[in-house]
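Residues per chain are reported as follows:
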Amino acid sequence: MTFGQHVRVLICVVIMGCIVGYVLTASEIETDSPYIDFIKAQQLPLTEGKIIGDVFADYYELTYWEYFTARKGEHVVQFTGTHGKQQLIFQFIIAEDRSSFELGAIKQNNIVLSSEAKWDYVRSLAFRT
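Residues numbered from 1 in each chain as written. Predicted model: local features only at pLDDT ≥ 70, side-chain atom pairs only at ≥ 80, totals over all residues. Heavy atoms only, no water.

Visitor: Run through the sheet that holds strand S1 (residues 61-69), naming residues and quoting values.
Guide: Taken in spatial order, the five strands make up an open sheet running S1-S2-S3-S4-S5, and their pairing is antiparallel. The two strands at the open ends of the sheet, each matched to only one other strand, are S1 and strand S5 (111-112). The sheet contact formed by strand S4 (residues 101-108) and S5 spans two bridges and is antiparallel. Bridge pairing in S5 links glutamine 108 to isoleucine 111. (Pairing = 2+ DSSP bridges. Helix = DSSP H or I, 4+ residues; strand = E, 2+ residues; numbered from the N terminus.)

Shown next as structure tokens:
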């Protein structure tokens with residue numbers, strides 16, 4: 001084998017090790033959870049009191065909700081939905097006692113939105129539904 005082939009094999013081994021390590025340390029993903037119910041019943045910030053579950057059900061097609069615990073122990077609800085050719089992923093980080101939440105990352109077509117773009121997108125949901 002040439003040096004280049006050795007490097008490729010090494011890179012593949014490292015990548016596979018990272019993937020296996022992530023899978024072994026990730027918590028179980030749930031699609032039916034009180035945390036999901038909590039988020040669906042909350043008001044979406046900047047949308048004049050509109051309820052998250054209603055806004056997402058009315059606007060997005062092919063919706064999928066999941067709950068998991070992040071590596072740092074945070075409770076995360078993730079929503080994935082499509083609208084036309086766009087795929088959106090929202091992450092909500094929930095307080096331990098389910099008294100509050102914060103809007104985490106939003107990905108649009110696999111690109112994480114900047115903080116400003118994220119809030120612009122959330123504001124625009126108030127006018128789309």
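From this point on, the discussion continues.
Visitor: Mind laying out the pairing of S4, listing which residues take part and the relevant values?
Guide: Where strand S3 (residues 86-94) and S4 come together, six bridges link them in antiparallel fashion. When the bridges of S4 are listed, phenylalanine 90 appears paired with isoleucine 106. Linking S3 to S4, which pair antiparallel, is a turn of six residues; within it arginine 98 sits at a positive phi near 55 degrees. With antiparallel pairing between neighbouring strands as the criterion, S4 and S5 make up a hairpin whose turn holds two residues, including asparagine 109 at a positive phi of roughly 50 degrees.

Visitor: Before we move on, could you go through the pairing of S1 and cite the residues and values that matter?
Guide: The side chains of a regular strand alternate between both faces of the sheet. In the sheet, S1 pairs with strand S2 (residues 75-83) via seven bridges, with the strands oriented antiparallel. Paired with tyrosine 64 across the bridge in S2 is threonine 80. The loop that links S1 with its antiparallel partner S2 comprises five residues; one of these, glycine 73, has a positive phi angle of about 90 degrees.

Visitor: Give a detailed account of the nonpolar core, specifying residues and quantitative values.
Guide: Counting 24 residues, the largest nonpolar core has Phe56, Tyr60, Trp65, Val77, Phe90, Phe92 and Leu125 as its most contacted members. Elements represented by at least two residues in this core include exactly helix H2 (34-40), helix H3 (52-59), S1, S2, S3, S4 and helix H4 (115-128). Filtering out sequence-adjacent residues up to four positions away, tyrosine 60 remains in contact with Phe79, Gly81, Thr82, His83, Leu88, Phe90, Tyr121 and Leu125. (Core = buried A, V, L, I, M, F, W, Y, C linked by side-chain atoms within 4.5 Å. Buried < 20%, exposed > 50% of the residue type's maximum accessible area, 1.4 Å probe, protein only. Contact = heavy atoms within 4.5 Å.)

Visitor: How would you summarise a negative patch on the surface if you had to cite specific residues and measurements?
Guide: Negative charge collects at one region of the surface, where Glu28, Glu30, Asp32 and Asp37 lie side by side. By the secondary structure assignment, glutamate 28 is in the loop between helix H1 (3-25) and H2. (Patch = residues over 30% accessible without salt bridge, like charges linked within 9 Å, V, L, I, M, F, W, Y side chains within 5 Å. Areas by Shrake-Rupley, 256 points an atom, 1.4 Å probe, with all protein chains shown as cover. Salt bridge = Lys/Arg side-chain N within 4 Å of Asp/Glu carboxyl O. Lys, Arg positive; Asp, Glu negative; His and termini not counted. Charge placed at Lys NZ, Arg CZ, Asp CG, Glu CD.)

Visitor: Kindly report on the packing of aromatic side chains, identifying the contributing residues and their values.
Guide: Going through the model one piece at a time under the given rule, you end up with 14 aromatic pairs. Look at tyrosine 59 and tyrosine 60: their rings are 4.9 Å apart centre to centre, the planes differ by 85 degrees, and that puts the pair in the edge-to-face class. Of the two residues, tyrosine 59 and tyrosine 60, neither departs from the other in class, the shared state being buried. A ring pair is formed by phenylalanine 90 and phenylalanine 92, whose centres lie 6.3 Å apart and whose planes are at 10 degrees; its orientation type is stacked. The two residues phenylalanine 90 and phenylalanine 92 agree in class, both being buried. Chaining the aromatic ring pairs together yields one cluster made of Phe56, Tyr59, Tyr60, Trp65, Phe79, Phe90, Phe92, Phe101 and Tyr121. In this structure, arginine 98 is placed above the aromatic ring of tyrosine 35, and the distance from its NZ or CZ to the ring centre is 4.7 Å. (Phe/Tyr/Trp six-rings, centres within 6.5 Å; stacked < 30°, edge-to-face > 60°. Lys NZ or Arg CZ within 6 Å of the ring centre and 35° of its normal.)

Visitor: Tell me what's going on with the environment of valine 76, and back it up with residues and numbers.
Guide: Examined against the element boundaries, valine 76 turns out to sit in strand S2. Residues valine 76 and glutamate 66, 10 residues apart in the sequence, show an inter-C-alpha distance of 8.3 Å. Sequence-distant contacts of valine 76, that is, excluding residues within four places in its chain, are made with Glu66, Tyr67, Phe68, Ala70, Gln91 and Phe92.

Visitor: Residue-level account of the confidence of the model for the protein chain, with values.
Guide: Predicted coordinates in areas of low pLDDT are best not read in detail. When pLDDT is averaged along the protein chain, the result is 81, and 81% of the positions lie at 70 or above. The secondary structure element of the protein chain with the lowest average pLDDT is H1, at 51, and the one with the highest is S2, at 95. In this model residues 17-26 is a low-confidence stretch, pLDDT under 50, and it forms two contacts with partners more than four residues away in sequence or in other chains. (pLDDT = per-residue confidence, 0-100.)

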